[in-house]
Amino acid sequence: MVTRLVARLQDILYVRFTDHFASFPAHVLASISPPNPLKRLVKTLGYSVVRLLGNVFRPIRTPENLHGAVWLYVVSQNNYESLQFIRESRPDTVLVAGQQKEIGRYNKLVNRLSLRRKLLYYWQLPIVFWGLYKREGKRAWRFFDLIFNAIGYYEVYVRTLHHYRPRAIIFANDHNDDARALLLAARACGIPTAYVQHASVSTNFPPLGFDLSLLEGQDALDKYRQCGPIRGRVELVGMPKADAFLTQRNLNQHVAHVGIACNILDDTDAIAVVVEYLLREFPALTFTFRPHPSDRRDFVFLRAHPQLLVSDARRENIFEFLLKQDALIAADTSTHLEATLLNVASLYYRFNPHGVAEDYYGYVAHGLVDQAHTLPDLAALLRKYQAYKPLDHYHRAAYYNATLGTPDEGYSQRRALSIVQAWLPLV
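Residues numbered from 1 in each chain as written. Predicted model: local features only at pLDDT ≥ 70, side-chain atom pairs only at ≥ 80, totals over all residues. Heavy atoms only, no water.

S.K.: In this structure, what is going on with the layout of surface pockets? I would like to understand it.
M.R.: Any empty space left between atoms is shown by rolling a water-sized probe over those atoms. Here the second largest pocket is characterised by a volume of approximately 220 Å³. Around the second largest pocket sit 13 residues that line it, and Ser114, Arg117, Val156, Arg159 and Thr160 are the ones nearest its centre. Counting only elements with at least two residues in the lining of the second largest pocket, the list comes to strand 3 (111–113) and helix 9 (153–164). When residues of the lining of the second largest pocket are assigned to their parent elements, the largest contribution, 5 residues, is made by helix 9. Broken down by class, the residue content of the lining of the second largest pocket amounts to 5 nonpolar, 4 polar and 4 charged. (1 Å grid on protein atoms, 1.4 Å probe; cavity = no way out; pocket = protein on both sides within 12 Å on 5 of 7 lines; lining within 4 Å. Points joined across faces, edges and corners; volume = space filled by probe spheres on them. Helix = DSSP H or I, 4+ residues; strand = E, 2+ residues; numbered from the N terminus. Nonpolar A, V, L, I, M, F, W, Y, C, P; charged D, E, K, R; others polar.)

Okay, here's the thing in structure tokens:
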């Protein structure tokens with residue numbers, strides 16, 4: 001039993017014990033797990049009191065009937081937008097999330113699963129910590145707060161699934177601890193699972209473990225094959241969330257509007273240098289800055305540039321933002337792919353060196369984007385597209401999107417829904 005318990009927690013925390021995760025910049029790791037052991041302990045106590053004990057007295061919001069429905073499980077705003085088309089097309093589906101999971105602007109639109117009983121399973125901590133320490137060494141100590149947070153998800157979700165007996169569960173995330181716990185719980189309860197890819201994937205992800213996986217293109221399949229044995233059936237369907245925007249591709253042949261996108265890996269001081277340089281070098285261009293929806297940092301440097309526009313990622317989705325741009329500048333983010341699909345010229349520039357591998361998603365290697373190593377290189381690329389941007393630039397995305405250039409282009413939702421429709425009667 002102890003071996004099984006430890007192995008399950010190790011599976012749930014798969015990405016937390018990878019070299020990739022350990023290589024994150026210090027400020028990123030600190031935002032996830034404090035480097036100071038005392039602060040980690042305070043964090044676990046705070047989680048227990050504020051989140052878990054708070055959940056005991058907080059009502060569970062489930063306005064829809066979850067019994068026997070097809071669940072669409074989401075862990076973020078991006079997840080919601082990736083599965084929304086299924087909810088709109090099938091009345092037998094319901095969107096669900098953990099009790100206090102942050103879903104951005106959709107917080108009030110999802111049904112919540114109770115996590116009150118998680119408190120009953122923290123007796124496991126000494127057992128699983130010691131077991132993981134023997135397997136993972138010092139990383140178990142470094143991230144003991146993440147181990148603590150993950151305990152109880154599986155057991156609570158098994159109980160929840162026995163109560164509601166959903167017909168199937170469709171995920172848009174395969175590596176967050178709560179999503180992995182629900183996946184393992186579904187297997188234990190004999191509930192079929194499906195997966196809709198919501199962003200570009202990495203070879204650092206867990207092996208693909210669903211009964212049905214709807215991937216965007218050959219790139220995702222090639223990467224998942226490197227992650228390990230693939231469970232279940234795989235179909236390549238393109239990017240369903242992009243369908244509504246592909247007919248609005250950017251047909252401007254000269255760049256006038258440029259987006260600058262960042263994520264939590266990008267250092268604010270380095271971003272400030274890039275922004276200042278671009279605004280000085282290109283006074284005739286309109287620049288819009290957009291942080292990741294989960295980024296809560298205070299970008300105080302923006303106030304020094306009143307001409308710089310800012311996109312609120314919690315209110316404006318990524319495609320709405322990209323439709324206003326002719327070019328995009330970003331480092332390691334799947335926004336490059338979404339931009340290219342809309343015929344926006346996307347330029348890869350690392351704002352600062354950090355532990356994550358250069359060209360993490362392989363966009364440069366596969367010709368999706370142009371890379372600039374220095375700010376003068378970046379300026380030269382931008383001037384090139386400022387002078388002329390091809391109308392067929394989006395063809396670069398074919399390796400990442402299986403429907404591009406086919407009769408199904410722009411109809412990925414229809415293709416995905418037909419596959420799900422055929423799959424559900426079999427489960």
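S.K.: Is there a simple way to think about the sheet that holds strand 9 (residues 286–290) in this case?
M.R.: By definition, the strands of a sheet pair up through backbone hydrogen bonds, in either a parallel or an antiparallel sense. Taken in spatial order, the 6 strands make up an open sheet running 10-9-8-11-12-13, and their pairing is parallel. Across the chains shown, the open sheet's two edge strands, defined by having one partner strand only, are strand 10 (309–310) and strand 13 (370–371). Sheet topology note: the strand 8 (residues 257–261)/strand 11 (residues 327–330) ladder contains 3 bridges and is parallel. Residue pairing across strands places Gly259 opposite Leu328, the latter belonging to strand 11. Each of strand 8, strand 9 and strand 11 is contacted by helix 13 (residues 268–281), which is oriented at about 165° to strand 9, the strand it contacts most. Most of the contacts of helix 16 (residues 375–387) go to strand 12 (residues 345–348), to which it runs at about 175°, and overall it touches strand 8, strand 9, strand 11, strand 12 and strand 13. (Pairing = 2+ DSSP bridges. Contact = heavy atoms within 4.5 Å. Axes fitted to C-alpha atoms, helices over the stretch in contact; angles between N-to-C directions.)

S.K.: Help me understand the sheet that holds strand 2 (residues 93–98) in this model?
M.R.: Here we have 7 strands laid out as an open sheet, ordered 3-2-1-4-5-6-7, and parallel in their pairing. Every interior strand has two partners, whereas the edge strands, strand 3 and strand 7 (233–236), have only one. Across the sheet, the axes of successive neighbouring strands diverge by a mean angle of 25°, strand direction being ignored. Pairing geometry for strand 6 (residues 212–215) and strand 7, over 4 bridges, is parallel. Within strand 7, the position partnered with Ser213 by the bridge is Val234. Helix-sheet contacts for helix 10 (residues 177–189) involve strand 1 (70–73), strand 4 (168–171) and strand 5 (193–196), and the interaxial angle to strand 4 is about 155°.

S.K.: Would you mind showing me how to read the nonpolar core here?
M.R.: One broad rule of soluble globular proteins: the nonpolar side chains tend to lie buried together. Formed by 53 residues in total, the largest nonpolar core has its most connected members in Trp71, Tyr73, Tyr157, Leu161, Ile169, Phe171 and Tyr224. Ranked by the residues each element gives to this core, the list is headed by helix 10, at 8 residues. Apart from residues no more than four positions distant in its own chain, Phe171 is found in contact with Tyr73, Leu83, Ala179, Leu182, Leu183, Thr193, Ala194, Tyr195, Val196 and Phe210. With 35 residues, the next largest nonpolar core counts Ile32, Phe319, Leu342 and Tyr394 among its residues. (Core = buried A, V, L, I, M, F, W, Y, C linked by side-chain atoms within 4.5 Å. Buried < 20%, exposed > 50% of the residue type's maximum accessible area, 1.4 Å probe, protein only.)

S.K.: Honestly, empty space enclosed by the protein in this entry has me stumped. Any pointers?
M.R.: Scanning the model with the defined rule gives 1 cavity of 30 Å³ or more in all. Computed from the structure, the largest cavity encloses a volume of approximately 40 Å³. Every residue along the wall of the largest cavity is listed here: Gln197, Ser200, Glu216, Gly217, Asp219, Ala220, Leu337 and Tyr400. Here the residues of the lining of the largest cavity sort into 3 nonpolar, 3 polar and 2 charged.

S.K.: What is the right way to read a nonpolar patch on the surface from this model?
M.R.: Residues Met1, Val2, Trp123 and Ile127 make up a contiguous nonpolar surface patch of about 430 Å² in total accessible area. The topology assignment puts Val2 in helix 1 (residues 2–12). (Patch = residues over 30% accessible without salt bridge, like charges linked within 9 Å, V, L, I, M, F, W, Y side chains within 5 Å. Areas by Shrake-Rupley, 256 points an atom, 1.4 Å probe, with all protein chains shown as cover. Salt bridge = Lys/Arg side-chain N within 4 Å of Asp/Glu carboxyl O.)

S.K.: Help me understand the packing of helix 1 against helix 6 (residues 125–136) in this model?
M.R.: The contact between helix 1 and helix 6 brings their axes to 9 Å, and the two run at 70°. Taken together, the axes of helix 1 and helix 6 lie roughly perpendicular to each other. Two packed elements cross with a definite hand, and for helix 1 against helix 6 that hand is right-handed. Listed contacts from helix 6 to Val2, Thr3, Leu5, Val6, Ala7, Leu9 and Gln10 of helix 1 are Ile127, Val128, Gly131, Leu132, Arg135 and Glu136. (Parallel < 35°, antiparallel > 145°, perpendicular 65-115°, else oblique. Left-handed = near helix turned anticlockwise from the far one by under 90°.)

S.K.: What is the right way to look at the packing of aromatic side chains in this model?
M.R.: Using the criterion set out here, one finds 24 aromatic pairs in the structure. Summarising the aromatic geometry, the rings of Tyr195 and Phe210 are spaced 4.9 Å apart at their centres and angled 10° between planes, so their arrangement reads as stacked. Of this pair, Tyr195 sits in strand 5 while Phe210 sits in the loop between strand 5 and strand 6; the two residues are 15 residues apart in sequence, bridging distant segments of the chain. Phe210 shares its class with Tyr195; the two are buried. (Phe/Tyr/Trp six-rings, centres within 6.5 Å; stacked < 30°, edge-to-face > 60°.)

S.K.: Sorry if this is basic, but what is going on with helix 1 here?
M.R.: Each full turn of the α-helix corresponds to 3.6 residues, which orients residues three or four apart in the same direction. Every buried residue of helix 1 is listed here: Leu5, Val6, Arg8, Leu9 and Ile12. Mapping the buried residues of helix 1 onto a view down its axis gives an arc of 160°, with all of them on the same face. Opposite the buried face of helix 1, at more than 90 degrees from it, the exposed residues are Thr3 and Arg4. (Arc of directions from axis to C-beta.)

S.K.: I tried to follow the pattern of salt bridges on my own but got confused; where do I start?
M.R.: Opposite charge on two side chains lets them pair, provided their charged atoms get close. Inspection of every chain in the model, using the stated rule, returns 25 salt bridges. With a closest N to O distance of 3.5 Å, Glu155 and Arg8 form a salt bridge. On the criterion of sequence distance, the pair formed by Glu155 in helix 9 and Arg8 in helix 1 is long-range, its members being 147 residues apart. No difference in accessibility class separates Glu155 from Arg8, as the two residues are buried. Through salt bridges with shared partners, one network takes in Arg90, Asp92 and Arg167.

S.K.: How should I be thinking about the pairing of strand 1 in this particular structure?
M.R.: The two faces of the sheet receive side chains in turn, since in a regular strand these alternate between them. Burial of the side chains of strand 1 extends over both faces: Val70 and Leu72 are buried on one face and Trp71 and Tyr73 on the other. Where the polypeptide runs from strand 1 across helix 5 (residues 77–89) and back to strand 2, its parallel neighbour, the crossover connection is right-handed. As defined by bridge partners, strand 1 adjoins strand 4 across 4 bridges and the pair is classed as parallel. Paired with Trp71 across the strands is Ile169, a residue of strand 4. (Right-handed = clockwise from strand over helix to strand, strands pointing away.)

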